[in-house]
Amino acid sequence: RRLLLNFLVLWMVASMIFLAFRVWPGNYAVAQFASANIGAVSDETIAEAEHELGLDKPVAQQYVEFMGDLVRLDLGTSFRTKRSVWAEIGDAMPYSLELGALIVLVGFSIAIPVGIISALRQDEWPDYVLRGVAIGGLAAPVFWTASIAVFVVLAFNLFKIDVTGQPHIWESPKAALQWYVIPMFAGGIASTANTMRLLRSQMLEVVREDFVRTARAKGLDERHVIMRHALRNAVLPVITVMGLTVATIVGSQIVLEQMFNVPGVGRLLFTSVIIRDYPLTQGLVLLTTFVIVMTNLAVDVLYGLLDPRVRYS
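Residues numbered from 1 in each chain as written. Predicted model: local features only at pLDDT ≥ 70, side-chain atom pairs only at ≥ 80, totals over all residues. Heavy atoms only, no water.

**Section: the overall build of the chain**
Filter applied, for reference: In DSSP terms, a helix is any run of H or I states spanning at least four residues, a strand is any run of E spanning at least two, and both are numbered starting from the N terminus. For the exposure calls, accessible area comes from a 1.4 Å probe over protein chains only, and a residue counts as buried if that area is under 20% of its type's maximum, exposed if over 50%, partly exposed in between. Note on contacts: a residue pair is in contact if any heavy atoms of the two residues lie within 4.5 Å. When charges are counted, Lys and Arg are positive and Asp and Glu negative, with His and the chain ends excluded. Think of each charge as sitting on NZ of Lys, CZ of Arg, CG of Asp or CD of Glu.
Counting its secondary structure elements, the chain contains 13 helices and zero strands. For the chain, the sequential pattern of α-helices and β-strands runs α-α-α-α-α-α-α-α-α-α-α-α-α. A principal-axis box enclosing the C-alpha atoms of the chain has dimensions of 85 × 55 × 35 Å. Out of the 313 residues in the chain, the part that is buried amounts to 41%. Contacts in the chain between residues far apart in sequence, at least 24 positions, make up 73% of those at least 6 positions apart. Placing the 25 positive and 26 negative side-chain charges of the chain at their respective mean positions leaves the two points 11 Å apart.

Structural data, given as structure tokens:
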């Protein structure tokens, strides 16, 4: 049932993004003539360009053809590059996965231990400091954090930020990490705040429960009580937030990819929207939607693995 519901969501998103572009004034042909700074362009020239792209067909016919191609997993051909949308996604996806995975790794590596420590040291100085850092990370825009980090690196000449080489991690790990280090920490701090604050509040509730007091009364060491009993129950609501964070690996790092010249999915989506490249934009939005709905499904399955009661509810 959930899989069928996810397919319904994909159909709705595909329909909305298709219609959104058709009601938006102008199209790729008009935008390209305008960007080329061509003065007087005849209506015949624009009509010929629209005919070559299939934009002169009735909207209903375009929609039927779009849905038919979508059923066959054909996302079409990019107006700009004349390449398959799948080929464009294949070129951009590795960069987004690399940057997104590093952001998630940094975010969770900070959020989980910080949330636990802040809860166990409630109303002590570590709690105040860590909560202040979390609130600051939540309030500061990611581009501001990244800009400050760039200023510090350049001011003290810590390392070289190469935004033109664009190496993959498997090709040149050192160069790639130097390129990704600022966006991954800026994005990781931004994604850490919500997870840390929620985990702290859940831990504060769980450590006061009867089963935690019982575990301590049985003589279990504090580390075992916290990690085996308290954390396992406190982390259930946090998984939803973590799942949404993981879903942002693909397509949601537009600002950071623009700032650091990362040719990923987010930057490709931004460019395709600006130039009205309908097939590429539609394909990228559907890909992002697919990742999000499948991540939500995986989170629900993970609930059942962590808490057996969920499977019988």
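**Remarks on the packing of aromatic side chains**
Convention followed: Ring pairs are drawn from Phe, Tyr and Trp, using the six-membered ring of Trp, whenever the two centres fall within 6.5 Å, and their geometry is named by plane angle: stacked under 30 degrees, edge-to-face over 60, tilted for the rest.
Evaluation of the coordinates by the stated rule reveals six aromatic pairs. Taking 5.6 Å as the distance between ring centres and 15 degrees as the angle between the ring planes, the aromatic pair formed by Phe18 and Phe66 counts as stacked. Taken together, the residues span a long stretch of sequence, with Phe18 in helix 1 (residues 2-23) and Phe66 in helix 4 (residues 59-71) at a distance of 48 residues. Residue Phe18 shares its accessibility class with Phe66, and that shared class is buried. Both rings, one in Trp179 and one in Tyr180, keep their centres 4.9 Å apart while their planes meet at 20 degrees; by these two values the pair is stacked.

**Some points on the nonpolar core**
Which entries qualify depends on this criterion: Only buried Ala, Val, Leu, Ile, Met, Phe, Trp, Tyr and Cys residues count toward a nonpolar core, and they belong to the same one when joined by side-chain atoms within 4.5 Å.
One finds Ile89, Met203, Ala230, Val250 and Leu284 to be the most contacted residues of the largest nonpolar core, which totals 52 residues. Secondary-structure elements contributing two or more residues to this core are helix 1, helix 4, helix 5 (85-120), helix 8 (173-206), helix 9 (210-217), helix 10 (222-247), helix 12 (265-274) and helix 13 (278-306). The element contributing the most residues to this core is helix 10, with ten residues.

**What to know about a nonpolar patch on the surface**
Note the following rule: What makes a patch is a set of residues exposed beyond 30% relative accessible area and free of salt bridges, joined within 9 Å when like-charged and within 5 Å when nonpolar (Val, Leu, Ile, Met, Phe, Trp, Tyr). Only the protein chains shown count as covering a residue, and every accessible area follows the Shrake-Rupley method with a 1.4 Å probe. Salt bridge criterion: a side-chain nitrogen from Lys or Arg within 4 Å of a carboxyl oxygen from Asp or Glu.
Side chains of Phe143, Trp144, Ile148, Phe151, Val152, Phe156, Leu158, Val255 and Met259 sit close together on the surface and give an oily, nonpolar patch of about 920 Å² of accessible area. Contributions of two or more residues to the nonpolar patch are made by helix 7 (142-155) and helix 11 (254-259). For the nonpolar patch, the element with the highest residue contribution is helix 7, accounting for five residues. Among the secondary structure elements, Ile148 is positioned in helix 7.

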